[in-house]
Amino acid sequence: MPARNDPPASQVADQLLVLLQVARTGRYTTAAQALGVNHTTVARNITALERSLGGRLLVRGADGWELTSLGRRAARAGEAVSDAVDRLVAGDTEADPVTGVVRMTATDGFSAYIASPAIARLRGEHPELSVELVTVTRVATHHRSGVDIDVVVGEPSVQRAKAVCLGEYVLGMYGSRDYLARHGTPATVDEMSRHGLVYFIDSMLQVNHLDAPRRLVPGMQDALASTNVFVHVEATRAGAGLGFLPCFMADRHDDLVRLLPDEVTERLPYWAVVRSESWRRPAVAAVVQALLAEMAEERDRMLGLSTGR
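The residue count restarts for each chain, going from 1 along the sequence in the order it is written. Side-chain atom pairs in this predicted model are given and counted only at pLDDT of 80 or more, local residue features only at pLDDT of at least 70, and totals for whole chains, interfaces and linings cover all residues. Excluding hydrogens and water, the side-chain figures rest on all heavy atoms present in the structure.

Student: Mind showing me how you'd approach the overall build of the protein chain here?
Tutor: Within the protein chain one finds 13 helices and 11 strands. Based on the C-alpha atoms only, the size of the protein chain along its principal axes is roughly 90 × 40 × 30 Å. For the protein chain, the proportion of its 309 residues judged to be buried stands at 47%. By definition, residues are in contact when any of their heavy atoms lie within 4.5 Å. In the protein chain, once contacts between residues fewer than 6 apart in sequence are set aside, the share between residues at least 24 apart is 77%. In this description a helix means any DSSP run of H or I spanning at least four residues, a strand means any run of E spanning at least two, and both kinds are numbered starting from the N terminus. Throughout this description, buried means an accessible area under 20% of the type-specific maximum (1.4 Å probe, protein chains only), exposed means over 50%, and partly exposed covers the range between.

Written out as structure tokens, the structure reads:
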């Protein structure tokens, strides 16, 4: 019986680490940059590993490369190799498992007022942790290449991913004191509908849960629309119209007044969607726990119960 021509174990270990990096980033070019090699080297290692394991490890997804079933098993082996290398490098000292790059997406407001302070504190304890945060408002998908954590508005419906409810926040209608002095303060929903709305661009809104103001105040016409919630806040402060704003953002400004809080209000949840292969990483789990702790700490402000600045 002919001898098998298997590659050396060290070579397979290197290839598993390359696969692990592609799994985490979703792209050969990004993985190559992280590993300090070129795109061709990454592709060559993946091809060699597929030949050794006898099957496809990656398939092209909508947002980049996704792991196959065999690829997920191989990536778990890569994680074991990576952990072993970390322990070896640490020597007699115990290696900090909360290390490396965690990639996440979240809305603008959440990123600024929840994620940023949570990550800052976490990095104080784990200085080798790095977080890449992309601000975007969109629904969760079943597959998001290159992202470990998606923070979304509304309960997601996803497969092969873990969804964690981080907490809730409240939105309300606000006007600037100067605007209200010039245009009058609406005392009813009908009076409010005669004012212009500062909010998201309706045709570009991807999250159905965020379409509340057009439901709560029928007939209200857009005055200024933007994809960025910080624009909503500043446009409302400038008097462009009435803004439907997250309370945890609007209540930081003395010049904004909340209107008809019992009638025009919406309470929505933030959820974290974590890829199954990412959830096993201590760094990813640590970031999720930090977000949960920050949401709990800021609960009253998130729900519009605290106007402290």
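Student: Got a minute to help me understand the pairing of strand β3 (residues 100-106) in this structure?
Tutor: The side chains of a regular strand alternate between the sheet's two faces. Summarising burial for β3: 5 of the 7 residues are buried, a large majority. Sheet analysis places β3 next to strand β4 (residues 129-135), joined by 7 bridges and oriented parallel. Among the inter-strand pairings, alanine 106 is bridged to a residue of β4, identified as threonine 135. Handedness of the crossover joining β3 and β4 through helix α5 (residues 108-125) is recorded here as right-handed. Pairing between two strands is assigned when DSSP locates at least 2 bridges connecting them. Judged from the 2 bridges that link them, β3 and strand β5 (residues 149-153) form a sheet pairing that is parallel. Residue pairing across strands places threonine 105 opposite aspartate 150, the latter belonging to β5. Orienting the strands away from the viewer, one traces the path from the first strand over the helix to the second; a clockwise path indicates a right-handed crossover.

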